[in-house]
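This is what each chain is made of:
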Amino acid sequence: MRACIYGAGAMGTVLGAFIARAGRQIDLVTRNREHVAALKAGGAKITFASGGGFTQQVSAFLPEEMSGGYDVIFLMTKQRDNARIVAGLLPFLNDGGAICTTQNGLPEPSVAEVAGEENTLGCAVSWGATYVGPGHAILTSSPDAMTFSLGSPFGQNAKTALVSPYLECAGRVEEESNFAGARWSKLIVNSAFSSLSAITSLTFGRIAGGLKSRVLAQTLLKEGIDVALANGVTPQKIQGHDLVKWLNYRGPLKRCLSYLIIPIAMKKHENLVSGMYYDLASGKKCDMDFISGVVSRYAHMAGISVPATDAVLAVASRIERGEIAVSPDNMAEVTAMLKK
């Protein structure tokens, strides 16, 4: 068995280090030359935001240094170039192997379009990491919150048996029969917290802890749940939390309860900052269109409105165009748009 992580940034470096520490073969592949050089020289330094960490020797390569075939390829790049990247990976995929995308949103169709549904698996990853510098990443979620929802939106796929042993090196793996529900649960959370974090630079904990920011996150969560249900999808539990049960309010009492629950649900991820923030802060396009944009498109397909989600998308677009900067003040900008 051979496996690689293609797109070994912060998340991929953390996952690869855990896999290597467990004694399994894994190659970390990234275009970041300084990162590859540091990984080769000193290994992967993993720091836990909650305290502690470890350094692990890993096998790291640039894309042009890849050779041979892999039984499992974890796709951990941004979604924007999926068609091109997957086409380039196919020559390295062994017969009977699988490409497993850990990207956020609903990435499986774009991968399967090139690799084939039978060769495509998805994994909703419920933890976060931050790239510090060459060879160094921080696990910003609690280590005991490292969970993986594995499956396929195209039906049962026996190739999950190839992938599970690698993921189990880092955390708990759930093979989901309702994989679409698992994907949507993560998408709903990302559309609320990752998107707000991206346009404000705030951690998930600060968003959940702020009175006004929590109201906005609550609204975004509700919009995401409404869209999933309107499209016939039942969100799965995510790390034991039933989003529909606790956050799908109708009356004022349930709305108050969901408001109180949000900081508790985010406790193990309070130090997490969206990876999209780093793109926006450096003047790059982010993957917002593949997260909040998905919620918006499915909402319009179902004939329902998602004003808060659309407002966040509008602010992100203004940041990408250079009209405004990433700032906590953007929270008020979104709220003001909702009042118009």
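Now for a look at the structure at hand. Only a predicted model underlies this, so the values are computations on that prediction, with no experimental measurement involved. (Residues numbered from 1 in each chain as written. Predicted model: local features only at pLDDT ≥ 70, side-chain atom pairs only at ≥ 80, totals over all residues. Heavy atoms only, no water.)

## Considering helix 2 (residues 33–42)
1) Next: Turning to helix 2, its buried residues are His-35, Val-36 and Leu-39. Looking straight down helix 2, one finds that the buried residues subtend no more than 100° of arc, so they occupy a single side. Turned more than 90 degrees away from the buried face of helix 2, the exposed residues are Arg-33, Glu-34 and Ala-41.
2) Next: Tucked into the core, helix 2 has its buried residues touching helix 1 (10–21), strand 2 (27–29), strand 3 (44–48), strand 5 (59–61), strand 9 (129–133) and strand 10 (136–139).
3) Next: Where helix 2 begins, one side-chain oxygen reaches toward the backbone nitrogen of Glu-34, 3.2 Å away; that side chain belongs to Asn-32. (Buried < 20%, exposed > 50% of the residue type's maximum accessible area, 1.4 Å probe, protein only. Helix = DSSP H or I, 4+ residues; strand = E, 2+ residues; numbered from the N terminus. Arc of directions from axis to C-beta. Contact = heavy atoms within 4.5 Å. Polar contact = N/O pair within 3.5 Å; in protein donor to acceptor, adjacent residues only side chain to side chain.)

## As for the environment of Trp-127
1) Next: Tracing the chain through its elements places Trp-127 in the loop between strand 8 (120–125) and strand 9.
2) Next: Relative accessible area serves as the criterion here: at 4%, Trp-127 is assigned to the buried category.
3) Next: For the pair formed by Trp-127 and Met-11, sequence separation is 116 residues and the distance between their alpha carbons is 8.7 Å.
4) Next: With residues up to four places along the chain from it excluded, the contact list for Trp-127 reads Met-11, Val-14, Leu-15, Leu-139, Ser-141, Ala-145, Met-146, Thr-147, Phe-148 and His-269.

## Looking at the packing of aromatic side chains
1) Next: This structure, assessed with the given rule, holds eight aromatic pairs.
2) Next: Measuring from ring centre to ring centre gives 6.4 Å for Phe-18 and Phe-48, while their planes differ by 10°; the resulting arrangement is stacked. Here Phe-18, found in helix 1, pairs with Phe-48, found in strand 3; they are 30 residues apart in sequence, far enough to count as distant.
3) Next: Overall, Phe-18 belongs to the buried group, its relative accessible area being 7%.
4) Next: Among the residues examined, Phe-48 registers a relative accessible area of 15% and is labelled buried.
5) Next: For the ring pair Trp-127 and Phe-148, a centre distance of 6.1 Å and an interplane angle of 80° mean the geometry is edge-to-face. (Phe/Tyr/Trp six-rings, centres within 6.5 Å; stacked < 30°, edge-to-face > 60°.)

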